[in-house]
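Per-entry structural report
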Amino acid sequence: MPERIIIEFDDEEEKPRPAPDENRIIIDFENKTEEDKKVLNVEKIEESNEEKIRRSKISSFYKGNTSLSNSFDTAIKFPEGIEQGFRKKFSVSLKDEFFNSLLENNKYIFASSKSGNIFLIDRFSGRVKDKIFFEKESFEKTGLVCNNILFANSLKKIFRLEDNGEEKIKHEEIYDSGNDFFIWSNLNLYRENIVFMDFDPYKKKAAIKMIDINDPKQISKFDFEAGDFVSDRICIAGKTAFVIVDNSVLVYDLEKKEGAFHEIDLRIDENSFIFYLNNRIYITTQYNELYYLDVPSSGYRFKNTGIKNNYINSIGGFDDNIFAGTPDGWRFYKSSGLQVYSFDDEHENRIECISKNVLVVSQKNKIVFCNLNRFQEAEGYVIASNEKNESVEIVSAVFSSDAIFVLTRKGNIEAFANDKMNIHL
């Protein structure tokens, strides 16, 4: 017969004690410390945390925020002082192919595939709650979530998916780019407007567009032409959007709906990173240098941070801190260019996501959680394949308020939490 545990609190009203029962274990808090109460009340805290998430309104973006800084606002900390603090909450195989990033809301983790499927995975249990197929569509860029509503962009269309408490998720098409144009960028958000770019790579015509979430028929656009390339990243700082186009930065006022090109004296290309951090716009060059522009600015003259690597495969940060992934490890800098820490590795390290306490790095099929409060501490987990001889490559890892979610190219999703408890008796 299973054992029952009765927990009594000394600040509750006096209640008669149950008759002794050999199958009961009675824990009395009368002589317990506050630390004991916290340990024994773990289950209650976890349940209330789940309910809190379910009641919340969550927005989720490519690279963590509209500024593309790859930083996430989360309370997750690195568990210090124990042998192994992270645990795997669940693992699920979607058996599909993915090129973009995971998104979340208060109920689901969203994964949209190359073959036109959008998977809704229960964020607490890992069960696939729904799979919606969009015929003749391919999802290769990352959409966004605004107040729990998912907006997913295929190569040609934008779809809205909303859970209204019904058995099936409601979904509808809200935008079609037409015959010649592709939706070139990941989606971004300004207030309640979706911001993105259309591009015709053959005629070199492009446009920044804004769609009102509440009235998708309301579409504004700014047309322009490109010579060689248009970046797929739209960086938003305040009421301004920044896009790399050829050897210029397109600066678009999201309020006035006006844009202007500012030529910059840097060697940049479609692979250059752009992000906003601490009142600065940062751009990487073809020479893997990091330049910055103070915002607001009238001259649009970028200055060298002094940060340079043999190759930068990923970058981001928070406050005054910048992290860069390289072929031989990762680097931590201050915005002044001062290198604070360097982790050298024989494998390529890619910065997946950043918080104030934990840095998440991928090494092809291995995910590593690094303690930003104590650099010598880190935990790594190998993401295994379900198929023999199948290579595994991590394409996305994101922070949530209660877990870290990892996606591989072939559709393995694994969730990790920092609430593992080692009890020594």
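In this report, the structure presented in the accompanying data block is examined. All of these numbers come straight from a predicted model, not from anything done at the bench. (Residues numbered from 1 in each chain as written. Predicted model: local features only at pLDDT ≥ 70, side-chain atom pairs only at ≥ 80, totals over all residues. Heavy atoms only, no water.)

1. A few points about the packing of aromatic side chains
So the rule is basically this: Note on aromatic contacts: the rings of Phe and Tyr and the six-membered ring of Trp form a pair at centre separations within 6.5 Å, being stacked when their planes are under 30 degrees apart, edge-to-face when over 60 apart, and tilted otherwise. For the purposes of this entry, the term helix denotes a DSSP run of H or I that reaches at least four residues, the term strand denotes a run of E that reaches at least two, and both are numbered from the N terminus. Burial status follows relative accessibility: with a 1.4 Å probe on protein chains alone, a residue under 20% of its type maximum counts as buried, one over 50% as exposed, and anything between as partly exposed. Only Lys NZ and Arg CZ are tested; either one counts as a charge over a ring when it is within 6 Å of the ring centre and within 35 degrees of the ring normal.
Counting across every chain of the model gives 26 aromatic pairs. Judged by centre distance (4.8 Å) and plane angle (75 degrees), the ring pair of tryptophan 184 and phenylalanine 199 falls under edge-to-face. With a gap of 15 residues between them, tryptophan 184 in the loop between β12 (182–183) and β13 (188–190) and phenylalanine 199 in strand β14 (residues 193–200) connect regions that are remote in the sequence. The class for tryptophan 184 is partly exposed, based on a relative accessible area of 28%. Cluster of aromatic residues (ring-pair linked, three or more members): Phe318, Phe323, Trp330, Phe332, Tyr341, Phe343 and Phe375. Its end group placed over the ring of phenylalanine 124, arginine 123 keeps NZ or CZ at 5.5 Å from the ring centre.

2. A word on the sheet that holds strand β31 (residues 366–371)
The following threshold applies: DSSP calls a pair of strands paired once it identifies at least 2 bridges connecting them. Axis angles are defined between N-to-C directions and span 0 to 180 degrees, where every axis is a line fitted to C-alpha atoms and, for a helix, only to the segment in contact.
Reading across from one edge, β29-β30-β31-β32 is the order of the 4 strands in this open sheet, with antiparallel pairing throughout. The open sheet has two edge strands with one neighbour each: β29 (350–354) and β32 (378–382). Neighbour-to-neighbour, the strand axes of the sheet open up by a mean angle of 20 degrees, direction not taken into account. With 6 bridges connecting them, strand β30 (residues 358–363) and β31 associate as antiparallel partners. The residue of β31 that forms the bridge with valine 361 is valine 368.

3. Points about the pairing of strand β23 (residues 289–294)
Buried residues dominate β23, accounting for 5 of its 6 residues. Sheet topology note: the strand β22 (residues 280–284)/β23 ladder contains 5 bridges and is antiparallel. Bridged to isoleucine 283 within β23 is tyrosine 291. Adjacent in sequence and paired antiparallel, β22 and β23 are bridged by 4 residues, among which asparagine 288 carries a positive phi angle near 60 degrees. Pairing analysis gives 3 bridges linking β23 to strand β24 (residues 303–308), with the strands arranged antiparallel.

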